[in-house]
Amino acid sequence: AVDNATLIEQSSEHVLSNLFPFVITVAISIIIFLILKFLIFNKVNHLISILKIVASGDLTARISIEKPLVAEDEMSEMMLNFNLMMDRMEASYREVESNHQERERLNKEKNKFLGVVAHDLRSPIGAISGYAEILIDEDVNKEESKEIIRNVKMISRDMLLMVNDLLDISMIER
């Protein structure tokens, strides 16, 4: 029969012989975790914080990279490409904003021009209307009538040129 003291001694030796590999495995696991945390998790957390800044509307946010010209691993390459993407996005946004401001300026110029043209058309139309009233309401001789008709023809020709110019401008805009 096996003695209790021998059994306890064998169990202790067995536990101790298995404890060393267990402690080594736990230590290696902790070291691997810390390396992964340093190499990957910190970069992912940094990327997430930059993404939140960009999502809030700041297109100038960039990821700080220790060696910006070299992508040593997949995370560094992803971060480098993120910065390149943000550079392009910011440039595109500036171009769109510039184009928008230019369109607004041109639209104001067009509206100002149309106001001037409308004013320039109103005066001749008023003159033609006044000549028509003279011809209808007053007794005018043939010579005065011809002079009024010549004036109406000249005014309407000028208005026609102005309208043709407007149509040409309209065709250019399209």
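Computed from a predicted structure; not experimentally measured.

**Regarding the packing of helix H1 (residues 4-55) against helix H2 (residues 74-137)**
- At a minimum axis separation of 10 Å, H1 and H2 run at an interaxial angle of 15°. When the axis of H1 is compared with that of H2, the two are roughly parallel. Read as a crossing pair, H1 and H2 show a hand that is left-handed. Between H1 and H2, the residues in contact are Ile40, Lys43, Val44, His46, Leu47, Ile50, Leu51 and Val54 and Met75, Ser76, Met78, Met79, Phe82 and Met86, respectively.
- Split into classes, the residues belonging to the contact of H1 with H2 amount to 11 nonpolar, two polar and one charged.

**Observations regarding the nonpolar core**
- Counting residues in each nonpolar core, the largest one holds 10 residues, listed as Leu47, Ile50, Val54, Leu59, Ala61, Ile63, Ile65, Met79, Phe82 and Met86.
- Mapped by element, the contributors of at least two residues to this core are H1 and H2.
- If near-sequence neighbours (up to four positions away) are discounted, leucine 47 is found in contact with Ile63, Met78 and Phe82.

**With respect to the packing of aromatic side chains**
- All chains considered together, the criterion is met by one aromatic pair.
- Note on phenylalanine 33 and phenylalanine 41: the rings are 6.3 Å apart at their centroids and 50° apart in plane angle, and the pair reads as tilted.
- Looking at phenylalanine 33, the relative accessible area reads 45%, which means it is partly exposed.
- Residue phenylalanine 41 is classed as partly exposed on the basis of its relative accessible area of 39%.

**Observations concerning the side chain of glutamate 90**
- Tracing the backbone through its elements, the reader meets glutamate 90 in helix H2.
- Here glutamate 90 falls in the buried class, since its relative accessible area comes to 14%.
- Looking at glutamate 90, its side chain comes within polar contact range of the side chain of arginine 62, at 2.7 Å.
- Those residues in contact with glutamate 90, other than ones at most four positions away along the chain, are Leu59, Thr60 and Arg62.

**Here we look at the confidence of the model for the protein chain**
- Confidence along the protein chain averages 86 in pLDDT terms, with 95% of residues attaining 70 or more.
- Mean pLDDT values for the elements of the protein chain range from 86 in helix H3 (residues 142-173) up to 89 in H2.

**Topic: H1**
- At lysine 37, H1 shows its strongest bend, of approximately 45°.
- Those residues of H1 that sit buried are Leu47, Ile50 and Val54.
- Each element contacted by the buried residues of H1 is listed here: H2.
- Glycine 57 sits one or two residues past H1 and shows a positive phi near 115°.

**Section: the pattern of salt bridges**
- Using the criterion set out here, one finds six salt bridges in the structure.
- Between arginine 62 and glutamate 90 there is a salt bridge, with its nearest N and O atoms 2.7 Å apart. Of the two residues, arginine 62 is situated in the loop between H1 and H2 and glutamate 90 in helix H2; the sequence distance between them amounts to 28 residues.
- Between glutamate 90 and arginine 94 there is a salt bridge; the shortest N-O distance is 2.8 Å. Separated by four residues within a single helix, glutamate 90 and arginine 94 lie in helix H2, roughly one turn from each other.
- Here the residues in one salt-bridge network are Arg62, Asp87, Glu90 and Arg94, joined through shared partners.

Rules used in this analysis
Residues numbered from 1 in each chain as written. Predicted model: local features only at pLDDT ≥ 70, side-chain atom pairs only at ≥ 80, totals over all residues. Heavy atoms only, no water. Axes fitted to C-alpha atoms, helices over the stretch in contact; angles between N-to-C directions. Helix = DSSP H or I, 4+ residues; strand = E, 2+ residues; numbered from the N terminus. Parallel < 35°, antiparallel > 145°, perpendicular 65-115°, else oblique. Left-handed = near helix turned anticlockwise from the far one by under 90°. Contact = heavy atoms within 4.5 Å. Nonpolar A, V, L, I, M, F, W, Y, C, P; charged D, E, K, R; others polar. Core = buried A, V, L, I, M, F, W, Y, C linked by side-chain atoms within 4.5 Å. Buried < 20%, exposed > 50% of the residue type's maximum accessible area, 1.4 Å probe, protein only. Phe/Tyr/Trp six-rings, centres within 6.5 Å; stacked < 30°, edge-to-face > 60°. Polar contact = N/O pair within 3.5 Å; in protein donor to acceptor, adjacent residues only side chain to side chain. pLDDT = per-residue confidence, 0-100. Bend = angle between axes of the 7 residues up to and from the residue. Salt bridge = Lys/Arg side-chain N within 4 Å of Asp/Glu carboxyl O.

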